[in-house]
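Remarks on the overall topology
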Amino acid sequence: MDSLQELYREVILDHTKRPRNYGEMPEATHEAEGHNPLCGDCVTIQLIVANGIVERATFRGSGCAISTASASILTDAVRGKPIDQVEALFQAFRKALTDDAAAVDHENLGELCALLGVREFPMRVKCATLAWHTLSAALTEQGVVVATEEAPHAKSD
Ligand code: ZN
């Protein structure tokens, strides 16, 4: 294992052991819940958005180390950012995870780079992006429930 991988492993472990911004935020203005049935991850993201800025983000839920670390890193990464920058960060992270050929902007992605090791494992990519899909849903619609997979008994309405 090279030193960069070692560092990334430590970042993930640190966020898993000491999740940042974990808990319920009654004063939240936006909220969504996400599920990744393939792994059993559940996450609720809550935000305080004012004047187009994400002032605070919290998460709670239960899931694997990758989904927990991803949610924890997310809540730090989006804090104080305008909504369009948050969406741009999600798109950059998703592209880095799913497109092997994409150049990775380490400066922009910051600690999110620690999660890029999962890109060789498509099942784990869903763990890493769950919190981001949930965040995106919270920003666009309130109180929605998102899933990384179509529900087996999805209603047509
Ligand atoms: Zn997972």
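Described in the following lines is the structure provided in the data block. Computed from a predicted model, the values in this text were never measured in an experiment.

Rules behind the numbers
- Residues numbered from 1 in each chain as written.
- Predicted model: local features only at pLDDT ≥ 70, side-chain atom pairs only at ≥ 80, totals over all residues.
- Heavy atoms only, no water.
- Donors = N, O, S within 2.8 Å, 3.2 Å for Na, K, Ca; no water.
- Helix = DSSP H or I, 4+ residues; strand = E, 2+ residues; numbered from the N terminus.
- Buried < 20%, exposed > 50% of the residue type's maximum accessible area, 1.4 Å probe, protein only.
- Pairing = 2+ DSSP bridges.
- Salt bridge = Lys/Arg side-chain N within 4 Å of Asp/Glu carboxyl O.

**Concerning the coordination of the zinc ion**
In this structure, Cys39 (SG), Asp41 (OD), Asp41 (OD), Cys64 (SG) and Cys127 (SG) serve as the protein donors to the zinc ion, at separations of 2.1 to 2.6 Å. Every donor residue of the zinc ion comes from the same chain, spaced as C-x1-D-x22-C-x62-C. Of the two residues, Cys39 is situated in the loop between strand S1 (30–36) and strand S2 (41–50) and Cys127 in helix H5 (residues 122–140); the sequence distance between them amounts to 88 residues. A relative accessible area of 1% means that Cys127 is categorised as buried.

**Section: the pairing of S2**
Looking down a regular strand, the side chains alternate between one sheet face and the other. Taken across its 10 residues, S2 has eight buried, putting it largely inside the fold. Bridging between S1 and S2 involves seven bridges; their strand directions are antiparallel. Residue pairing across strands places Gly34 opposite Val43, the latter belonging to S2. In sequence, S1 turns back onto S2 through a hairpin of four residues, with Gly40 there showing a positive phi of about 90°. Two elements, S2 and strand S3 (residues 53–62), share nine bridges in a ladder whose sense is antiparallel. The residue of S3 that forms the bridge with Ala50 is Ile53. Hairpin connection between S2 and S3: a loop of two residues separates the two successive antiparallel strands, and Asn51 in this loop has a positive phi of roughly 50°.

**Regarding unusual backbone geometry**
Positive phi, close to 55°, is recorded for Asn21, a residue that is not glycine. One non-glycine residue, Asn51, lies in the positive phi region at around 50°. Following the sequence through the fold, Asn51 ends up in the loop between S2 and S3.

**As for the pattern of salt bridges**
In this structure the tally under the stated criterion is five salt bridges. We note a salt bridge from Arg18 to Asp14, for which the minimum N-O separation is 3.1 Å. Under the relative-accessibility criterion, Asp14 is labelled partly exposed at 26%. Here the salt bridges share partners, and the residues they tie into one network are Asp14, Arg18 and Arg20.

**Notes on the environment of Ala102**
Mapped onto the secondary structure, Ala102 falls in the loop between helix H3 (83–98) and helix H4 (106–109). Separated by 10 residues in the primary sequence, Ala102 and Ala92 have C-alpha atoms spaced 9.4 Å apart.

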